[in-house]
Amino acid sequence: MTENKVDVLIRRIMNATGISSQAELAKELGINRSGITHARNKNHIPDNWIIKLFRRFRVNPDWVETGKGPVFFDQKHTNNGSDFRRIPKVVARLSAGTGSFECDPDISQFLSFPASWLARKGSAAAMVAMEVFGQSMEPLIREGDTVLIDQSQTRIMAGAIYAVGVDDTILVKRLEKHPDALVLCSDNKDFSPIHLDIHALEKVRVLGRVIWSCREYR
């Protein structure tokens, strides 16, 4: 039995972008899951899907259709080109200190990661990279480091590191959840824990879990 052409193209798209499920693909395309079922039944991918994938991931439409040529428009041909996914790094910075008011969502650049590694870590479609400033998370995370945040992981795991919004500030802290309070902990013992009682919790937004960090040596 001949495989549905749309199934082939969807699998190709998911391998290139790191999208791990058809539900996640539908979310990226801004459509209902039933839209993918409809495309499979018609054995045709709408042109606007290709446009959206190009704008979001710079995926080469010719490669999507034929499987030949460069996977991405801004990528030179490499043997492993299809195994990587680009994650946006935004202008906003996370504070490892008392707080940051730099919340600019504009993208400054893209970072490439192995798609299979991202899939193991979480939802690549919800990931964003940000720079850290301040010393409260040293020595693990230093000022100037870049961290990768999975915004789909907002359920608190004790001791894990998260990006947290408190009013207009954005912090990177370890979280400890108590019965009637949330404690924002720093690795640097010169910084005292921040205790937020039940009345302050409505002002807290867990933006996502920090799953990776890197440091550029100068």
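About the criteria used
- Residues numbered from 1 in each chain as written.
- Predicted model: local features only at pLDDT ≥ 70, side-chain atom pairs only at ≥ 80, totals over all residues.
- Heavy atoms only, no water.
- Helix = DSSP H or I, 4+ residues; strand = E, 2+ residues; numbered from the N terminus.
- Buried < 20%, exposed > 50% of the residue type's maximum accessible area, 1.4 Å probe, protein only.
- Contact = heavy atoms within 4.5 Å.
- Areas by Shrake-Rupley, 256 points an atom, 1.4 Å probe, with all protein chains shown as cover.
- Pairing = 2+ DSSP bridges.

Participant: Describe the overall build of the chain, and please don't skip the residues or the numbers.
Facilitator: The secondary structure content of the chain amounts to 6 helices and 9 strands. The burial tally for the chain puts 43% of its 218 residues in the buried class. Counting contacts in the chain only where the partners sit at least 6 residues apart, residues at least 24 apart contribute 58% of the total. In the form shown here, the chain has an accessible surface area of approximately 12200 Å², with 50% of it arising from carbon and sulfur atoms.

Participant: Please give an account of the side chain of serine 123 that cites residues and values.
Facilitator: Locating serine 123 in the fold gives a position in the loop between helix 6 (115–121) and strand 3 (127–133). For serine 123, the residues in contact, after removing those within four places along its chain, are Glu24, Asp150 and Ser152.

Participant: Can you explain the environment of aspartate 47? Please cite residues and give values.
Facilitator: Residue placement: aspartate 47 occurs in helix 4 (residues 47–57). Residue classification places aspartate 47 among the exposed positions, given a relative accessible area of 58%.

Participant: Outline the pairing of strand 7 (residues 181–185), supporting the account with residue identities and numerical values.
Facilitator: For strand 7, a buried count of 5 out of 5 residues is recorded, marking the element as mostly surrounded by other parts of the structure. Taking every second residue as pointing to the same face, both faces of strand 7 are buried, with Ala181, Val183 and Cys185 on one and Leu182 and Leu184 on the other. Across 5 bridges, strand 6 (residues 169–178) lies against strand 7 in antiparallel orientation. Across the sheet, leucine 175 pairs through a bridge with leucine 184, a residue of strand 7. Linking two consecutive strands that pair antiparallel, namely strand 6 and strand 7, is a turn of 2 residues. Pairing analysis gives 4 bridges linking strand 7 to strand 8 (residues 194–197), with the strands arranged antiparallel. The residue bridging leucine 184 from the neighbouring strand is isoleucine 194, located in strand 8.

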